[in-house]
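Below are the chains, spelled out letter by letter.
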Amino acid sequence: MEEQTKRLLKECNRGCKMAIDSMDQISAYVEDETLGRVIDNYKTEHEKIEGESAKLLGQYGEQEQEPGAMASTFAWATTEIKMLVKDDNNQIAKIMMNGCNMGIQSISEAMTQNKEASEDSQMVAKNLVRMEEDFMGELKAFL
């Protein structure tokens, strides 16, 4: 149970860090105040879940894990290229929605693979998935 808990929490923590990095990167392109507020609000929510997962990891004697360098570099480069081609609200919303979708998939997969994880870690993961779904819902208005 403890190993599954650690794996699930690490995936949540890593996913939040990637999302926060993406939101920081995309913020340079956001000109619409409403879209900017939506992104800022969800960045704050990701930071809360990141902190919660880090705290729980600490209780298990584990450190936070940074996203893999390759994944981070690829995500950064992909975003930059997409924004060079088209830098409007529609493109920003699509990029953010793609990130939400990847997050939902990776956290859902981690939940399935770590069914014996602690109740606290499962709740963190469920809250993260729910938040990503809500974020996608709000982003639809900018398509």
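Residues numbered from 1 in each chain as written. Predicted model: local features only at pLDDT ≥ 70, side-chain atom pairs only at ≥ 80, totals over all residues. Heavy atoms only, no water.

Contact geometry of helix α1 (residues 2–27) with helix α5 (residues 119–139) gives a least axis separation of 9 Å together with a crossing angle of 30°. Classified by the angle their axes make, α1 and α5 are roughly parallel. The handedness of the crossing between α1 and α5 is left-handed. Each of T5, L8, L9, C12, C16 and M23 in α1 lies in contact with α5, whose residues at this interface are S121, Q122, V124, A125, L128 and F135. Grouping the amino acids of the contact of α1 with α5 by side-chain chemistry returns 9 nonpolar, 3 polar and no charged. (Axes fitted to C-alpha atoms, helices over the stretch in contact; angles between N-to-C directions. Helix = DSSP H or I, 4+ residues; strand = E, 2+ residues; numbered from the N terminus. Parallel < 35°, antiparallel > 145°, perpendicular 65-115°, else oblique. Left-handed = near helix turned anticlockwise from the far one by under 90°. Contact = heavy atoms within 4.5 Å. Nonpolar A, V, L, I, M, F, W, Y, C, P; charged D, E, K, R; others polar.)

Moving on to the packing of aromatic side chains. Under the criterion given, the structure shown has 1 aromatic pair. For the pair Y42 and F135, a centre-to-centre distance of 4.5 Å together with 15° between the ring planes defines the contact as stacked. Residue Y42 is found in helix α2 (residues 33–59), and its partner F135 is found in helix α5; the two are separated by 93 residues along the sequence. Just as Y42 is buried, F135 falls in that class too. (Phe/Tyr/Trp six-rings, centres within 6.5 Å; stacked < 30°, edge-to-face > 60°. Buried < 20%, exposed > 50% of the residue type's maximum accessible area, 1.4 Å probe, protein only.)

This brings us to the pattern of salt bridges. The full count for this structure, using the stated rule, is 9 salt bridges. For E2, the salt bridge goes to K6, with nearest N and O atoms at 3.5 Å. Taken together, the residues E2 and K6, both in helix α1 and 4 residues apart, mark about one turn of the helix. Relative accessible area serves as the criterion here: at 43%, E2 is assigned to the partly exposed category. Of the charged contacts, one joins E3 and K6 as a salt bridge, the two residues approaching to 3.4 Å between their closest N and O atoms. Here E3 pairs with K6, and both are found in helix α1, just 3 residues apart, close to one helical turn. (Salt bridge = Lys/Arg side-chain N within 4 Å of Asp/Glu carboxyl O.)

The next subject is the side chain of N13. Structurally, the position occupied by N13 is in helix α1. Those residues in contact with N13 that lie beyond four places of it in its chain are E50, S53, A54, L57, E64 and Q65.

Attention now moves to α2. An ideal rise of 1.5 Å per residue puts 39 Å on 27 residues; α2 measures up with 39 Å between its terminal C-alpha atoms. Buried within α2 we find L35, G36, V38, I39, Y42, H46, I49, E50, S53, A54, L56 and L57. Buried-residue contacts for α2 involve α1, α4 (89–113) and α5. With a side-chain oxygen positioned 3.0 Å from the backbone nitrogen of T34, the residue opening α2 is D32. Phi turns positive one or two residues past the end of α2, at G61, with a value near 75°. (Expected span 1.5 Å × (residues − 1). Polar contact = N/O pair within 3.5 Å; in protein donor to acceptor, adjacent residues only side chain to side chain.)

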